[in-house]
Structure formats: structure tokens, C-alpha cells
Amino acid sequence: MDLSALAAANPDHWRRAACIRTLTLDAVAAANSGHSGMPMGMADVATVLFDKHMVFDASAPDWPNRDRFILSAGHGSMLLYSLLYLTGYADMTLEQVKNFRQLGAITAGHPEYGHAKGIETTTGPLGQGIANAVGFAMAEEFLRAKWGRKIIDHYTWCIAGDGCLMEGVSQEAIALAGRHDLSKLIVLWDNNNITIDGEVSLADRTDQMARFAASGWDVLECDGHDPAAIDAAITAAKASPRAAMIACKTHIAIGSSAQDTAKGHGALTDAQLIADTKSAYGWSEEAFSIPADLKSWWEGVGARGRDAREEWETRFGLMPAGKQAEFTRAFAHEAPRKLSATIKALKKQISETAPKLATRAASQHALEVINPILTEHLGGSADLTGSNNTKTADLGVFSPEDRTGRHIHYGIREHGMAAAMNGMALHGGVRPYGGTFMVFTDYARPAIRLSALMGLPVTYVMTHDSIGLGEDGPTHQPVEHLAMLRATPNLNVLRPADAVETAEAWEVALGQTAMPSVLALSRQGLPTVRTEHKTKNLTAQGAYVLAEAEGKRQAILMATGSEVSVAMAARDVLQAEGIGTRVVSMPCWELFEAQDDAYRKRVLPGGPVRVAVEAAVRHGWDRWLLGERGREAKAGFVGMDSFGGSAPAGALYMHFGITAEAVAEKVKSLL
């Protein structure tokens, strides 16, 4: 294509966009790895967006009412890093750009939340960014209704590529956004027709514009290298009452010999190719060098939102002090002071009445006292509201007709739900939780992993957590899922034994500011095992002595969730035979691991036989059976070593041998 014509038509714009292109070429070449073509192709779109439409202040990157920019096509990370450096973000120095993809640099191969200001989310796994963007936009809608337009009123911008749109999660996200008329969400599709393997047509023939339109979006298109056309399309999209997608027709690796090829998708590192490409751009600067006039112009773009930010601060300062404090607390993901006393009162009531209650129902009881005081709590379910017990009477339903509603009907979209909740948590000002059956953590897993990687306080309410769900059978009965979740770094997996532990688990989850939590909850009713009220949150210790041995301690039974009551019944059997037995409830391994050695030694001293009881696979239990002063010759496990079956819960527990009698026999065989 004729680059000279493009440059001649808009010379100032061309030079500004060339800053992004040449920084990308230089950084990828220095790293000898990366993705050059996407930033080169989308530089014109990004330049127009940041110049004419994005409202932000590079000197105040955490301003709550800034526009959010999400690079869903995270492999093109040099687009984002270039923009942050050029517009004057303090931590994105030229040295960081030069150290692209190097150990210790904030310029990771894919953008990582927390590494640098202006990186709104971690992207790279394709599709996650666009799904996060939906959550950002939902949070913005809710907060605008809650606090008013003078405090929250901004756009969420997302650049997505062909790969993002091929991933299945994108359809879940697109459909959700279409249903909710998220008019402040604008997706810019990098329509370059190239993936790693070659042209998109190798694997796909989807009419993406028709797809978005069918899902309830307004759809526009433009030449992604014509700044006037880009500006006009974005202006039209901003006027839409619905979410909008702009198909930006671009040339990947524009101006290089790899333009419009699969090679252009990857790392362009050949010195001659880079020299020729820069020559085609009319660029004669040294590597990583940006002329002073261009850097000054870009920094002006970064400062342009300062007036808007200062005006916002004035408006915010006029709010009552209590409202300001509430707003600040919510954006810091801090729990309200009332939470602890509220949970204590609920625990006392449960211990006194000792109900037999499924922990999913106990979770709803906890939410009934939590949600009125945690007014930023946004709940939801993937079409299992009545089963997950996520909706309390005071929430209302989030919809285009009621943006103050706090319960979201996600539909049968577990992955989209989890990714949207990440976006909500990243936006700030809201605290999301969402439910599905625990077996469907399989569907939500990529987003749960990113919750943990980013350190987001998202709560996953995963019910029907074992064979105890009964007749739905092995397709719905999780046996390996606890092990999978526990293997994930920076994720608390809480499996409470009764309604008291469930209330405590919620308090633990809501006390986290940089870690997600999974609540694994039962379908079947469970007896109250914590009948003596204690104000201390014992679940927060991860494990604790629930029942002490009478007489000489010969056995320690360890259990979680629904199997704690099995262990307690086994203790009765063993104590009746004169075998002193301690029961340790272990609702959260991660929290127990974090306790000091002295506490862990008090809970799990050396000497006695140890038997673990859990209606799941053994994987992971050897940490507690054989480690922590345990011995293989004196350790056993009662649980699952296969998939489940379709039958009533009681019959399944008998069939798979997860009974008090089986536990007692296991202990006696090891004595």
C-alpha cells in the first residue's frame, strides 16, 4: 500500500502514530521476541482514541472516574507500553521500554495488572480482556446509578483482535453486554484477517459484525488507517444507547515486508526489515529515540484530562464526609467496620439454635446480614440462583431498567461470569460474587486463575460440592476440583462444615483485598458441629481442634465440609471403644499453611494415627497426613478414588465407603 499517500494526507498524525510503531519495532528487536504487527497495525486507531476521546490524566492514574483502556489482544503489549511511556506515566520510563520482556521489568510479554499504572487488567489469554471489559462497564453503570453522574461517568474502551473473538468466552461476554445495553462500552476490533497460522479464513468464516449486531450491539466500521474515519466512527459509537463495536480494517505490520502475513503477527527482528520499515515511515531517528516535539505532544495528551480530574476532585470534596469515606472504602476493597460484629451475632444465633442446614443455604443466611451493610456487594449466578442461594431479598436485579439492582442474571455463562467479575473488581467500587455448581469451575477456571494471578478479591460461590449432590450423577459431582483449586497459587479454598463455619468463611473472603476466594458449599443438609459459640473466627486459622480426645490421644481425624460430621460420628464410635480421638476441622488449607509452625504443631502433633476424610480425591492430603510430623505407616484416607454415581446422597456415601464406620475401621487398622 502507498504509505506516502497516508503520510501526506495527515502528516502530523502520521508522525505521532509512528512513535508507537517504531518503539514497538525497537523493543521487540531488543528482546528478540514479541509481537510487532498488531501495535503497528492499530497505532492509528490508538492515536486517535487517546488524542480525541480518552479521558485520563497520566499524573493521576488511579483517578476513579478515568476512562478505562483494555488491551484484550494482550500479545500486542508494546501498543500499551508505548502509549504509557509517550503520554507520561511516571513509572513507564524509556528504560522499562528498552527492557521489554526482561526479568524484573514492568514491561512483561503480556500486560500484567499491578506491574505498571495504566495497565487496567492482565491480558494475554485471548478473550479475557473483552470479557473483563464487560465487567468494567457493568460496574460503571451500577456506580453511576449509585453515586450519580457527577462522580462516576466514564467509558470503557477495549481493543480486541480476531483471536479474542474466536475464543468462546467472547460470545458469553458479547451476549451479556448486549442484553444489558452497556452504552459506555466500546470495542475496537482490529480487523486485520491474520492469525499465527495464516489468514483467518483457514479456521473461521464468521461475519463478526453480524454476530455483534445479533447480540444486541450497535456496529460500525472504518478504515483503521484514516484518522478522520476513525474519529467519526468513535464519535458515532459514543452516541449509541447500546454497547458498540467498531470494525477497524487494518494492515498488520503495516509498511513492512511482512505486512498482511502471518509473519507480521510475530516478532520482526531482522535489522534490514526494521530499517526498511522505518524508511517507509519517513523515520530517521536512532533506536528508541522520540523527537522532542513529538514526545511533548504526547505528554500534552496525557495531561489533557487534568482539568476534568481536578473538577471531579472538587465535586467529590463537596460530598458529605461520610459519603466520601464510604466511596473510598469501597474502592479500597475494605470491609465495613460493622461486618465483624454482624458475623459474630449470626454465629451466636446459629450455635444456639443448631440448625441442620446445607451450607449453600447457610451462605444465603450469611448474605442476608452481609448485603445490607456491604452496599457495593454485587451478586449473581450462572442461571442457578435458586440452587446457589446467591440472591437476598434486598438486592433487586441489575438490568437496563434498574442499574441499582445488585443481583446479576449471568445466564448459562460460567466463564463469562467469572471474567466479568474480574473486570468489576478491577474497576473498583464494587465487590463481586457469583455462583454456579462446583463442577463448573471447569468452565470458569481460566478466569479464576487470572483472579488469583492479579490478586482480585472476587468470591466464587461454588455449591453442590461433592457426591452429596446425589442423583444428578458423576457429570455434576466434583471429585478432583478441590485438588485443582488448591493447586492454584494465591487462592483461598474454603469448605465449611456447617452454618457457623460458612459465616466465618464469608468474613474471611470479605476481609481479603488481594486474593480471591472459593466457597465450596454443600447441597445436602449438614448438622451444626460448632454448638459452643466462640467470638473468634476459627475458620481464619485454616484448621482447628473441633473436638478433643477423651483419654489418651491415639487418633486425629482431619476433615472438611460435609465430612466433618462424618468424622465427628466416627469419633463417637472410637471413643466408645476407648480410643481417644481428636477431630480437626480444616476448612481452608491455605490459611492453615500460613499459620506459624507452633500453631500447626498444636493442631497436628506427632504420634497419633491420622486419617483424613473428604468426599474427593486424596491428591494434596499427603501434605497433612505424611508431613507436619505425620508418618506413612500411621496415615490413611477415606474418600474418593473414582468418579461418582447417580443415586441419593446417602446411598452414594454408603457405596463409596465414606461413613463413620469406615473411618473408625481405618483408624483401628493403623493402630
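Up top is the structure.
Predicted model, so just to flag it, every value in this text is computed and none were measured.

What counts as what
- Residues numbered from 1 in each chain as written.
- Predicted model: local features only at pLDDT ≥ 70, side-chain atom pairs only at ≥ 80, totals over all residues.
- Heavy atoms only, no water.
- Pairing = 2+ DSSP bridges.
- Helix = DSSP H or I, 4+ residues; strand = E, 2+ residues; numbered from the N terminus.
- Axes fitted to C-alpha atoms, helices over the stretch in contact; angles between N-to-C directions.
- Polar contact = N/O pair within 3.5 Å; in protein donor to acceptor, adjacent residues only side chain to side chain.
- Contact = heavy atoms within 4.5 Å.
- Parallel < 35°, antiparallel > 145°, perpendicular 65-115°, else oblique.
- Left-handed = near helix turned anticlockwise from the far one by under 90°.
- Nonpolar A, V, L, I, M, F, W, Y, C, P; charged D, E, K, R; others polar.
- Disulfide = S-S within 2.5 Å.
- Salt bridge = Lys/Arg side-chain N within 4 Å of Asp/Glu carboxyl O.
- Buried < 20%, exposed > 50% of the residue type's maximum accessible area, 1.4 Å probe, protein only.

## Comments concerning the sheet that holds strand β1 (residues 68–71)
Part 1 of the argument: Strand order across the open sheet formed by 5 strands is β1-β2-β3-β5-β4, with parallel pairing between neighbours. The sheet is open, and its two edges are formed by β1 and β4 (218–223), each paired on a single side. For this sheet, the mean angle separating the axes of adjacent strands, direction not counted, is 20°.
Part 2 of the argument: Pairing analysis gives 5 bridges linking strand β2 (residues 156–160) to strand β3 (residues 185–191), with the strands arranged parallel. Counterpart to Ile159 in the pairing with β3 is Leu188.

## Let's talk about the environment of Asp402
Part 1 of the argument: Among the structural elements, Asp402 can be located in the loop between α17 (385–388) and β7 (407–409).
Part 2 of the argument: On a C-alpha basis, the gap between Asp402 and Tyr443 in space is 29 Å, while along the polypeptide they are 41 residues apart.

## Considering the side chain of Arg495
Part 1 of the argument: Within the fold, Arg495 resides in the loop between β10 (492–494) and α21 (499–510).
Part 2 of the argument: Within polar-contact distance, the side chain of Arg495 engages the side chain of Asp465 at 2.8 Å.
Part 3 of the argument: Within the local environment of Arg495, its side chain forms a polar contact with the side chain of Ser562, the two groups lying 3.0 Å apart.
Part 4 of the argument: Those residues in contact with Arg495, other than ones at most four positions away along the chain, are Asp465, Ser466, Leu482, Glu501, Ala520, Thr560, Gly561, Ser562, Glu563, Pro587 and Glu614.

## Thoughts on the packing of helix α3 (residues 37–52) against helix α10 (residues 227–238)
Part 1 of the argument: Axis separation between α3 and α10 bottoms out at 9 Å; the angle between their running directions is 55°. Comparing their axes, α10 and α3 come out oblique. In this structure, the crossing between α3 and α10 has a hand that is right-handed. Between α3, through Asp44, Val45, Val48, Leu49 and Lys52, and α10, the contact on the second element is made entirely by Pro227, Ile230, Asp231 and Ile234.
Part 2 of the argument: When its residues are assigned to classes, the contact of α3 with α10 shows 6 nonpolar, no polar and 3 charged.

## Focus: the state of the cysteines
Part 1 of the argument: Summed over all chains, the structure comprises 0 disulfides.
Part 2 of the argument: Its sulfur unpaired, Cys164 is 6.8 Å from the next cysteine sulfur, which belongs to Cys158.

## Examining the sheet that holds β7
Part 1 of the argument: Spatially, β7-β6-β8-β9-β11-β10 is the arrangement adopted by the 6 strands of the open sheet, whose pairing is parallel. Strand pairing shows two members of the sheet lacking a second neighbour, β7 and β10, which therefore form its edges. Across the sheet, the axes of successive neighbouring strands diverge by a mean angle of 20°, strand direction being ignored.
Part 2 of the argument: The sheet contact formed by β10 and strand β11 (residues 517–520) spans 3 bridges and is parallel. Paired with Asn492 across the bridge in β11 is Ser517.

## Considerations on the pattern of salt bridges
Part 1 of the argument: Applying the stated criterion to the full structure yields 40 salt bridges.
Part 2 of the argument: Measuring nitrogen to oxygen at the nearest pair gives 2.9 Å for the salt bridge that ties Glu120 to Arg66. Here Arg66 lies in the loop between α3 and β1 and Glu120 lies in the loop between α5 (94–98) and α6 (128–147), a separation of 54 residues in the sequence.
Part 3 of the argument: Look at Glu120 and you get buried, because its relative accessible area is 9%.
Part 4 of the argument: The salt bridge partner of Glu665 is Lys668, with a shortest N-O separation of 3.1 Å. With Glu665 and Lys668 both in helix α27 (residues 660–670) and 3 residues apart, this pair spans about one turn of that helix.
Part 5 of the argument: You can call Lys668 partly exposed: its relative accessible area is 28%.

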